[in-house]
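A look at the structure
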Amino acid sequence: MSRIVVAKNAGFCFGVARAVDTVNETVGKFDHIYTYGELIHNKDVIADLEKKGIRVTEDLDAVPRDQSTVIVIRSHGVSKAVYDKIRERGFDVLDLTCPFVARIHKRVIEAGDTPVVIIGTENHPEVAGIKGWAQGEVYVAGSAEEAKKLPRLEHALVVAQTTITHKLWDEVVEVLNERSETLDLFNSICDTTQKRQKEAVELAQVSDIVLVVGGRHSSNTEKLYQLCKSHCEKTYYIDNIAQLPLEKVTNHVIISIVAGASTPDWLIREVKTLMSDVEKVVDTTQDTEEQEVV
Ligand code: F3S
């Protein structure tokens, strides 16, 4: 008897749902809608937005000025320089920076010329945005090893990319504490991320198979994959049902489905439906009990 468990905390988080819903409501209100970078890290959602005429740009100079044009700032937020450029070009702005990211910007601004350390991935857009509000020195540490290479700082504000793990936060802060006099610690890991990661680990510990559904560029989905893989060897990272390795994932007792914050519910449902169907096809003597807690 197989059991398919869909994580309670799977799919769009508050910030992403707000961004996608608001952009969809904006269709028809402007001649041109551009998102500054892909709205979310999910190619299926981006393809859907493109069909509605919503374009992606990171080159504001290439966007025509002579029409009714709005630039959408996604939930990751952007640097001050990007805001300034949008204003300078005279575009309307739809600012959908997640409030949990905006409060990091605020804290960084308030720090004035105090050095800032961001614990996260250097080239992630959220980190680039946070960096762009610092008025003094700013450093990024993606691991304890990277933190050891930073200059010694007498005092610093430490913030987190919202989607990192608590383990990474603790490891890096331990190193920074040894190398600094005083630290102002602002653990800005998103509550949603914490709950999602905790539940993913709990499911991985009791599952035979874990399917992690989400875009390849999604930082939080990648973290879920790593966490699940460390507790369940048979963990697979898939963008959508086309990538489901059916020959490897069928005929198991407990199959868990977890998903990142940028994975739409319909994609999760598709995976669950296909798995339910295949389980029935592969062995019709098995009853498939589904425990869905979406
Ligand atoms: Fe915001 Fe947390 Fe989502 S920071 S965008 S609610 S993962």
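Criteria and thresholds
Going along each chain's sequence as written, the residues are numbered from 1 onward. Only residues with pLDDT of at least 70 get local features here, since the model is predicted, and only at 80 or more are side-chain atom pairs given and counted; chain-wide, interface and lining totals rely on the full set of residues. Note that water and hydrogens are dropped before the side-chain values are worked out from all heavy atoms of the structure. Lining residues are defined by having an atom within 4 Å of a point belonging to a cavity or pocket. Those points lie on a 1 Å grid over the protein atoms alone, cavities being sets where a 1.4 Å probe fits but cannot get out and pockets being open sets with protein on both sides within 12 Å along at least five of seven lines. Grid points are joined across faces, edges and corners, and a volume is the space filled by probe spheres set on the points. To qualify as a helix, a DSSP run of H or I must reach at least 4 residues; to qualify as a strand, a run of E must reach at least 2; elements of each kind are numbered from the N terminus. For the domains described, the bounds stem from an automatic or database domain assignment. We call two residues in contact when some of their heavy atoms are within 4.5 Å. Summed over both partners, the accessible area lost on bringing two parts together, with a 1.4 Å probe, is the buried area. For this document, the term salt bridge refers to a Lys or Arg side-chain nitrogen within 4 Å of an Asp or Glu carboxyl oxygen. Two N or O atoms form a polar contact when they lie within 3.5 Å of each other; inside protein one atom must be a possible hydrogen donor and the other a possible acceptor, and for residues adjacent in sequence the pair counts only when both atoms belong to side chains. Residue classes follow a fixed rule: Ala, Val, Leu, Ile, Met, Phe, Trp, Tyr, Cys and Pro count as nonpolar, while Asp, Glu, Lys and Arg count as charged, and any other residue, Gly among them, counts as polar. One heavy atom suffices: a residue is near a molecule or strand as soon as one of its heavy atoms comes within 4 Å of it. Molecules are considered to sit inside a cavity or pocket once more than half of their atoms lie within 2 Å of its grid points. Stacked, tilted and edge-to-face pairs are distinguished by plane angle, under 30 degrees for stacked and over 60 for edge-to-face with tilted covering the rest, among Phe, Tyr and Trp rings (Trp via its six-membered ring) whose centres lie within 6.5 Å. Burial classes: relative accessible area under 20% of the type maximum marks a residue as buried, over 50% as exposed, and values in between as partly exposed (1.4 Å probe, protein chains only). Any helix carries an expected span of 1.5 Å times its number of residues minus one. Pairs of strands are assigned from DSSP output, requiring at least two bridges between the strands. Axis lines are fitted to C-alpha atoms, over the contacting stretch for helices. Their N-to-C directions set the angle, which ranges from 0 to 180 degrees.

**Section: empty space enclosed by the protein**
- Counted according to the given criterion, the structure contains 1 cavity of 30 Å³ or more.
- Empty space within the largest cavity amounts to approximately 330 Å³.
- Residue lining of the largest cavity: 25 residues in total, with C13, V16, T162, T163 and N220 positioned closest to the centre.
- Those elements giving two or more residues to the lining of the largest cavity turn out to be α1 (14-26), α4 (99-110), α8 (191-206) and α9 (219-231).

**Description of the domain arrangement of the protein chain**
- Taken domain by domain, the protein chain comprises domain 1 (2-11 + 192-292), domain 2 (14-97) and domain 3 (100-189).
- At the interface, 11 residues of domain 2 touch 11 residues of domain 3.
- Interface area, domain 2 with domain 3, both sides summed: about 760 Å², of which 71% is carbon and sulfur.
- The largest per-residue losses of area from domain 2 upon contact with domain 3 belong to H76, K80 and T97, which jointly make up 46% of the total buried on that side.
- The interface formed by domain 2 and domain 3 includes 0 salt bridges.
- Scanning the region where domain 2 abuts domain 3 turns up 2 residue pairs in polar contact (both at pLDDT 80 or more).
- For the side of domain 2 that touches domain 3, a count of residues per class yields 3 nonpolar, 6 polar and 2 charged.

**Describing the layout of surface pockets**
- Of the volumes computed, that of the largest pocket is approximately 210 Å³.
- In terms of lining residues, the largest pocket is bounded by T165, H166, K167, L168, E171, K223, Q226, L227 and S230.
- Of all elements in the fold, only α7 (166-179) and α9 reach the threshold of two or more residues within the lining of the largest pocket.
- Here the lining of the largest pocket spans two domains, since at least three of its residues come from each of domain 1 (2-11 + 192-292) and domain 3 (100-189).
- Reported here for the second largest pocket is a volume of approximately 180 Å³.
- Per-element accounting of the lining of the second largest pocket gives the leading share, 3 residues, to helix α5 (residues 125-131).

**As for the site of the ligand**
- Taken together, C13, G15, S75, C98, F100, T162, C190 and T193 make up all the residues around the ligand.
- Put simply, the ligand lies in the largest cavity.
- Residue composition of the shell around the ligand, grouped by class: 4 nonpolar, 4 polar and no charged.

**Some details on the packing of aromatic side chains**
- Counting across every chain of the model gives 3 aromatic pairs.
- With centroids separated by 6.1 Å and ring planes inclined at 65 degrees, the aromatic side chains of F14 and F100 adopt a geometry described as edge-to-face. Of this pair, F14 sits in helix α1 while F100 is found in helix α4, placing the two residues 86 residues apart along the sequence.
- With a relative accessible area of 45%, F14 lands in the partly exposed category.
- Centre to centre, the rings of Y225 and Y237 are 5.4 Å apart; their planes meet at 35 degrees, and the pair counts as tilted. With Y225 in helix α9 and Y237 in strand β11 (residues 235-238), the pair connects residues that are 12 residues apart, well separated along the chain.

**What about α8?**
- Over its 16 residues, α8 extends 23 Å from the first C-alpha to the last, a length consistent with the 22 Å expected when each residue adds 1.5 Å.
- Looking at α8, one finds that the buried residues are T193, R196, Q197, E199, A200, V201, L203 and A204.
- Buried positions along α8 lie against β1 (2-6), α7, β10 (209-213), α9 and β12 (254-259).

**Considering the sheet that holds strand β3 (residues 54-57)**
- A sheet is described by the order of its strands in space; here 4 strands give the open sequence β3-β2-β4-β5, paired in parallel fashion. A single partner strand is all that each edge strand has here, and the edge strands are β3 and β5 (92-95). Going across the sheet, the axis of each strand differs from the next one's by a mean of 30 degrees, ignoring polarity.
- Sheet analysis places strand β2 (residues 32-36) next to β3, joined by 4 bridges and oriented parallel. Looking at the pairing, Y34 lines up with R55 of β3.

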